[in-house]
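Each chain is listed here by its residues.
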Amino acid sequence: DANVLSGFSQARASAQSLQATLRVRFIIGPSAPELNTAYWEALYDLQDKSPLFTGENVLVSRYLSSSDWRPVKLRPKGDLKAVAAASHPSNLKDYKLAEVDVPGELGRAKDALKDIATTELGDKEKCTLNSIIESLRGDVDILYLAAHGTVVNGEPRIWLEDEDGKAAITAADELTARIRELQHQPRLIVLASCQSAGKGAGDALQALGPKLAQAGVPAVIAMQGNISMESVKKFMPIFFEELQKDGQIDRALAVARGTIRDARDYWMPVLFMRLKSGRIWYVPGVGEEGEIFEKW
């Protein structure tokens, strides 16, 4: 559309003249399902055909409203806490699903999170729904969850474990309800799970990622389709490494997306965010401890 193109071009030129970052945020209501299923993160520049959202100059996120307006109390970087969970049910082969490299997933998460105090689930302790929720009760900032995700009869499911280590195929609504009930929800949830942001068809807002965002989680990263394990392996360490530089979630995501730009699924990671500053932590004396949401 000529008007949209003109407005974007003017905004980008203005940001460039100020040596500032341009933030693009999509606000699409549930009444437009055909727009919610569009792969906006794959947009490219009409002039040189380059991807728009693979660098630090133009950042993108999606905004979803929520009835939960609890203020988010950010902490200094040194006080952050995380949970890294990887689910590998022992009977995945029965469902013709690929193996999940639990030691690799947890090892990469631990290395990437570095000095952030991290609780691990999936190796010595089973990655059950109850164990995830129990770990989050300690006022955790970041949840990283690696698990298979599928859509069954239009309803999203995530493949967690039961107490015996077998598949506990959990409805997105159940996981969302348990996280909503926490006194302090994670500030950021990262879902290394296929179709956790939909699959480009049907009602994308019914996927796990959007549901968590609408339940009140300030920032959620999810996958819009069946992202390859190879892309996840390359993407996640860079994302967490960049996140620790300045706490800017959308900037870290853009840099990580740019590192896999040659992959066919580089656009699949999606950020749903309501944080006004886009930060996961603040610098004492410089940043703001009390974060507020953008309201539309």
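Model, not experiment: these values are computed from the prediction. (Residues numbered from 1 in each chain as written. Predicted model: local features only at pLDDT ≥ 70, side-chain atom pairs only at ≥ 80, totals over all residues. Heavy atoms only, no water.)

A.B. asks: It is not clear to me how the layout of surface pockets should be interpreted in this structure. Could you clarify?
C.D. replies: The rolling of a water-molecule-sized probe over the atoms marks out the regions of remaining empty space. Approximately 600 Å³ is the volume attributed to the largest pocket. Lining the largest pocket are 19 residues, with Val 4, Leu 5, Phe 8, Leu 43 and Leu 52 positioned closest to its centre. Broken down by secondary-structure element, the contributors of at least two residues to the lining of the largest pocket are helix H1 (2-17) and strand S1 (22-27). Element by element, the count of residues in the lining of the largest pocket is highest for H1, at seven residues. Considering only residue class, the lining of the largest pocket consists of 13 nonpolar, three polar and three charged. (1 Å grid on protein atoms, 1.4 Å probe; cavity = no way out; pocket = protein on both sides within 12 Å on 5 of 7 lines; lining within 4 Å. Points joined across faces, edges and corners; volume = space filled by probe spheres on them. Helix = DSSP H or I, 4+ residues; strand = E, 2+ residues; numbered from the N terminus. Nonpolar A, V, L, I, M, F, W, Y, C, P; charged D, E, K, R; others polar.)

A.B. asks: When you look at the pairing of strand S8 (residues 149-152) in this model, what are you seeing that I'm missing?
C.D. replies: For a regular strand, side-chain orientation follows a simple rule: the groups alternate between the two sheet faces. Relative to strand S9 (residues 155-161), S8 runs antiparallel, the two being bridged by four bridges. Residue pairing for S9: Gly 149 is matched across the bridge by Ile 158. Counting the residues in the hairpin turn of S8 and S9 gives two residues, including Asn 153, whose phi is positive at 55 degrees. (Pairing = 2+ DSSP bridges.)

A.B. asks: I keep staring at the packing of aromatic side chains and nothing clicks. Help me out?
C.D. replies: Aromatic rings in a pair are described by how distant their centres are and how their planes are angled relative to each other. Across all of its chains, the model carries six aromatic pairs by this definition. Ring geometry for Tyr 39 versus Trp 267: centroids 4.3 Å apart, planes at 35 degrees, classification tilted. On the criterion of sequence distance, the pair formed by Tyr 39 in the loop between helix H2 (33-36) and strand S2 (58-63) and Trp 267 in the loop between helix H8 (249-259) and strand S13 (269-273) is long-range, its members being 228 residues apart. Residue classification places Trp 267 among the buried residues on the basis of a relative accessible area of 14%. Plain terms: the ring middles of Phe 239 and Phe 240 are 5.2 Å apart, the flat faces sit at 65 degrees to each other, and that makes the pair edge-to-face. Here Phe 239 falls in the buried class, since its relative accessible area comes to 0%. Members of the aromatic cluster, joined through ring pairs, are Tyr 144, Phe 235, Phe 239 and Phe 240. (Phe/Tyr/Trp six-rings, centres within 6.5 Å; stacked < 30°, edge-to-face > 60°. Buried < 20%, exposed > 50% of the residue type's maximum accessible area, 1.4 Å probe, protein only.)

A.B. asks: I keep staring at the sheet that holds S9 and nothing clicks. Help me out?
C.D. replies: With respect to topology, three strands assemble into an open sheet ordered S8-S9-S10, the strand pairing being antiparallel. Only two strands of the sheet have a single neighbouring strand rather than two, namely S8 and strand S10 (167-171). Direction aside, the axes of adjacent strands within the sheet are offset by 40 degrees on average. (Axes fitted to C-alpha atoms, helices over the stretch in contact; angles between N-to-C directions.)

A.B. asks: Explain the confidence of the model for the protein to me, please; I cannot follow it from the model alone.
C.D. replies: Do not read the predicted coordinates in detail wherever pLDDT is low. Residues of the protein with pLDDT of at least 70 account for 95%, and the chain-wide mean is 90. Per-element averaging of pLDDT across the protein places strand S15 (residues 290-291) at the bottom with 58 and helix H4 (residues 129-136) at the top with 97. (pLDDT = per-residue confidence, 0-100.)

A.B. asks: Just to check I follow, could you spell out H4 for this structure?
C.D. replies: Working note: α-helix, 3.6 residues per turn, so residues spaced by three or four point in the same direction. Summarising burial for H4: six of the eight residues are buried, a large majority. Among the residues of H4, Leu 129, Ser 131, Ile 132, Ile 133, Ser 135 and Leu 136 are the ones counted as buried. Among the structural elements, strand S5 (81-86), strand S6 (117-121), strand S7 (142-146), S9, S10 and helix H5 (172-180) are those in contact with the buried residues of H4. (Contact = heavy atoms within 4.5 Å.)

A.B. asks: Sorry if this is basic, but what is going on with H1 here?
C.D. replies: The terminal C-alpha atoms of H1 lie 22 Å apart, and with 16 residues this matches the ideal 22 Å at 1.5 Å per residue to within 8%. At the N-terminal boundary of H1, the capping side chain belongs to Asp 1, with an oxygen 3.0 Å from the backbone nitrogen of Asn 3. Taken from the residues just after H1, Gln 19 is the one with a positive phi, measuring 55 degrees. (Expected span 1.5 Å × (residues − 1). Polar contact = N/O pair within 3.5 Å; in protein donor to acceptor, adjacent residues only side chain to side chain.)

A.B. asks: Teacher, can you tell me more about the packing of helix H7 (residues 229-246) against H8 here?
C.D. replies: The geometry of H7 relative to H8 is characterised by a closest axis approach of 8 Å and an angle of 145 degrees between their N-to-C directions. At the point where H7 passes H8, the crossing takes the right-handed sense. Each of Lys 234, Phe 235, Ile 238, Phe 239, Glu 242, Leu 243, Lys 245 and Asp 246 in H7 lies in contact with H8, whose residues at this interface are Ile 249, Arg 251, Ala 252, Leu 253, Val 255, Ala 256, Arg 257 and Thr 259. When grouped by side-chain class, the residues that make up the contact of H7 with H8 number nine nonpolar, one polar and six charged. (Left-handed = near helix turned anticlockwise from the far one by under 90°.)

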